[in-house]
Amino acid sequence: MYPLIRPRRLRSNEAIRSLVRETIISPSDFLVPLFVVEGKGIKEEIPSMPNYYRLSLDNLTKEVKELWKMGLRSVLLFVKVPDNLKDNKGSEALNENGLMQLAIKTVKNACPEMLVMTDVALDPYSSYGHDGIVADGQILNDESVELLTEMSVSHANAGADFVAPSDMMDGRILSIREALEDEGYLNTGIMAYSAKYASAFYGPFRDALDSAPVDIKNVPKDKKSYQMDYANRFEAIRETQMDIDEGADIVMVKPGLCYLDIVREIKNEVDVPVAVYQVSGEYAMVKAAAEKGWLDHDAVMMEQLTAIKRAGANIIASYFAKDAVKLLG
Ligand code: PBG
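Residue positions are counted from 1 within each chain, in the order its sequence is given. Confidence filtering applies because this is a predicted model: local features only for residues at pLDDT of at least 70, side-chain atom pairs given and counted only at 80 or more, and all residues used for totals across whole chains, interfaces and linings. As a rule here, side-chain values cover all heavy atoms of the structure and leave hydrogens and water aside.

Enquirer: Is there a simple way to think about the pattern of salt bridges in this case?
Expert: Pairs can form between side chains of opposite charge whenever their charged atoms are close. A side-chain nitrogen of Lys or Arg and a carboxyl oxygen of Asp or Glu constitute a salt bridge if their distance falls within 4 Å. Tallied over the full model, the rule gives 18 salt bridges. With a closest N to O distance of 2.8 Å, Lys-322 and Glu-63 form a salt bridge. You can see Lys-322 sitting in helix α11 (residues 321-328) and its partner Glu-63 sitting in helix α2 (residues 57-69), a full 259 residues away along the chain. Taking the shortest distance from any N to any O, the salt bridge between Asp-161 and Lys-108 comes out at 2.7 Å. With a gap of 53 residues between them, Asp-161 in the loop between α4 (142-158) and β8 (162-165) and Lys-108 in helix α3 (residues 99-110) connect regions that are remote in the sequence. A residue is classified by how much of its surface remains accessible, and Lys-108, at 21% relative accessible area, is partly exposed. In this structure, a network of salt bridges that share partners links the residues Glu-14, Arg-17 and Arg-21. Helical segments are the DSSP runs of H or I of at least four residues, strand segments are the runs of E of at least two, and each set is numbered from the N terminus. Relative accessibility under 20% of the residue-type maximum defines a buried residue, over 50% an exposed one, and the middle range a partly exposed one, all with a 1.4 Å probe and only protein chains included.

Shown next as structure tokens:
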């Protein structure tokens, strides 16, 4: 008899579809990136990231309380540093009363159970807009790792639950893990940006933090000497395995949508949680197309988030977190 099997039976109405659905997005999937600025009463929209804001500490308090009420339990902090505090070594990053350190304390005061992760890289503090120290047209590895390690300890000291090194220097996870252990921060975790590609999708983020590499002689114009070549696949596995061996608790693939093959491959390969960062450019594209009326914002957003989770993400860092949770109702 023909046909014996009719796969459409399992798609015939929403009840059966929801019964057999394999991937479901929920608030606990999300890590919410937040941009913090100096000052008071500031909530400035980032031009290339519609409906996303830079917040001063008072507004950060309000924001994390709102996130908590929505069921969002984890944040990833970034700071925008004024130019006069930037130098090649990112010295301001180690200021115990610096903006990041204050932001960590602000979130913990407002919402003690909120999980706080912090970005560890020099770029927002660097006068050259690089994640490490620049010398003779190069990004120094080991000298940068020393600073990133001190930065991580400083974040742990301010109360961060996890540090998230996004710099792609070699050996930084081991160095950070050892320093955290030495300083007694046994429970401070590391979420390593393990497979982070040199991507044009970071553009709006660099606008948000004013952190793009500067156009000066003898300063590399891009981050290709440390972030990965997007043509490569095996290298992502190797980088990820190295970070796990060095003590990473969570590994990350970044950006998201263009790299879901990498996400699945890593998910099949490792047994630690895998995070995916749906980055600023991915957000901007959806917002822009939706503004023009060319795409259905909510539908495209949910399709993309579901695809990221289906590919193997245990954690999704996304600027859509609030939009998605509101939609889930
Ligand atoms: C800093 C950092 C970047 C992002 C996260 N951490 C930018 C970069 O590496 O240039 C990008 C995030 C985004 O685009 O949303 N090292």
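Enquirer: Explain the packing of helix α9 (residues 280-291) against helix α10 (residues 297-311) here, please?
Expert: In helix packing, the relevant descriptors are the interaxial angle and the interaxial distance, both defined with respect to the helix axes. Lines fitted to C-alpha atoms define the axes here, with helix axes fitted over just the stretch in contact, and angles between the N-to-C directions of these axes take values from 0 to 180 degrees. Remark: α9 packs on α10, axes separated minimally by 9 Å, with the N-to-C direction vectors making an angle of 155°. Here α9 is positioned roughly antiparallel relative to α10, judged by the angle of their axes. At the point where α9 passes α10, the crossing takes the right-handed sense. For the pair formed by α9 and α10, the contact residues are Val-286, Lys-287 and Ala-290 on the first element and His-297, Val-300 and Gln-304 on the second. The residue makeup of the contact of α9 with α10, split by class, is three nonpolar, two polar and one charged. Angle categories are assigned with fixed cut-offs, so that under 35 degrees is roughly parallel, over 145 is roughly antiparallel, 65 to 115 is roughly perpendicular, and the rest are oblique. Put simply, a crossing is left-handed when the front helix is turned counterclockwise from the back one by less than a right angle, and right-handed when it is turned clockwise. What makes two residues a contact is simply this: any of their non-hydrogen atoms within 4.5 Å. Under the grouping applied here, Gly and all other residues not named as nonpolar or charged are polar, the nonpolar ones being Ala, Val, Leu, Ile, Met, Phe, Trp, Tyr, Cys and Pro and the charged ones Asp, Glu, Lys and Arg.

Enquirer: Hey, could you run me through the pairing of strand β2 (residues 43-46) in this one?
Expert: Note on pairing: DSSP must find at least two bridges between two strands before they are called paired. For β2 and strand β3 (residues 49-55), the ladder comprises four bridges, and the chain directions are antiparallel. Considered in β3, the bridge of Glu-44 is made with Arg-54. Hairpin connection between β2 and β3: a loop of two residues separates the two successive antiparallel strands.

Enquirer: What should I look at first to understand the site of the ligand in this one?
Expert: We call a residue near a molecule or strand whenever a single non-hydrogen atom of that residue lies within 4 Å of it. Among the 18 residues in the neighbourhood of the ligand, the closest are listed as Lys-196, Lys-223, Lys-254, Ser-280 and Tyr-319. Polar contacts, as counted here, are pairs of nitrogen or oxygen atoms within 3.5 Å of one another; within protein the pair requires one atom able to donate a hydrogen and one able to accept it, and residues that are adjacent in sequence qualify only if both atoms are side-chain atoms. Note that a nitrogen atom of the ligand is positioned 2.8 Å from one of the side-chain N or O atoms of Asp-131. Separating an oxygen atom of the ligand from a side-chain N or O atom of Lys-223 is a distance of 2.7 Å. Isolated, the ligand exposes 400 Å² of accessible area, and the fraction of that covered by the protein chains is 100%. By residue class, the composition of the shell around the ligand is eight nonpolar, three polar and seven charged. Here the open area of atoms and residues is found with the Shrake-Rupley method and a 1.4 Å probe, where only the protein chains shown may cover a residue.

Enquirer: Quick question: what am I supposed to make of α4 here?
Expert: Note: α-helices contain 3.6 residues per turn, so residues at a spacing of three or four share the same orientation. Look at α4: 25 Å from first C-alpha to last across 17 residues, which is about the 24 Å you get at 1.5 Å a residue. In terms of residue burial, α4 counts as a mostly covered element, since twelve of its 17 residues are buried. The set of residues buried in α4 consists of Ser-144, Val-145, Leu-147, Leu-148, Thr-149, Met-151, Ser-152, Val-153, Ser-154, His-155, Ala-156 and Ala-158. Where α4 ends, the next residue or the one after it, Gly-159, has phi of about 115°, a positive value. Helices are assigned an expected span. That span is 1.5 Å times one less than the residue count.

Enquirer: Help me out: how do you make sense of the packing of aromatic side chains in this one?
Expert: Two aromatic rings, taken as a pair, are described by how far apart their centres are and by the angle between their planes. Each pair of aromatic rings taken from Phe, Tyr and Trp, with Trp reduced to its six-membered ring, is defined by centres within 6.5 Å and is described as stacked if the planes are under 30 degrees apart, edge-to-face if over 60, and tilted in the remaining cases. On inspection of all chains with the given rule, the structure shows twelve aromatic pairs. Of the aromatic side chains, those joined through ring pairs into one cluster are Phe-35, Tyr-52, Phe-78, Tyr-193, Phe-205, Tyr-277, Tyr-283, Tyr-319 and Phe-320. By definition, being over a ring means that NZ of Lys or CZ of Arg is both within 6 Å of the ring centre and within 35 degrees of the ring normal. Between Arg-233 and the ring centre of Phe-234, over which it is positioned, the NZ or CZ distance is 4.8 Å. One cation-aromatic arrangement involves Lys-254 over Tyr-277; the distance from NZ or CZ to the ring centre is 4.9 Å.

Enquirer: Sorry if this is basic, but what is going on with unusual backbone geometry here?
Expert: Negative phi is the rule for most residues except glycine; trans is the rule for most peptide bonds. Cis geometry is adopted by the peptide bond preceding Pro-255, which originates at Lys-254 and carries an omega value of -10°. Relative to the assigned elements, Pro-255 resides in the loop between β10 (250-254) and α8 (260-269). Located in the positive-phi region is Asp-136, a residue other than glycine, with phi close to 50°. Looking at the element boundaries, Asp-136 is found in the loop between β6 (133-135) and β7 (138-140). Backbone geometry at Met-168 places phi at a positive 65°, although glycine is not the residue there. Along the chain, Met-168 falls in the loop between β8 and α5 (172-182).

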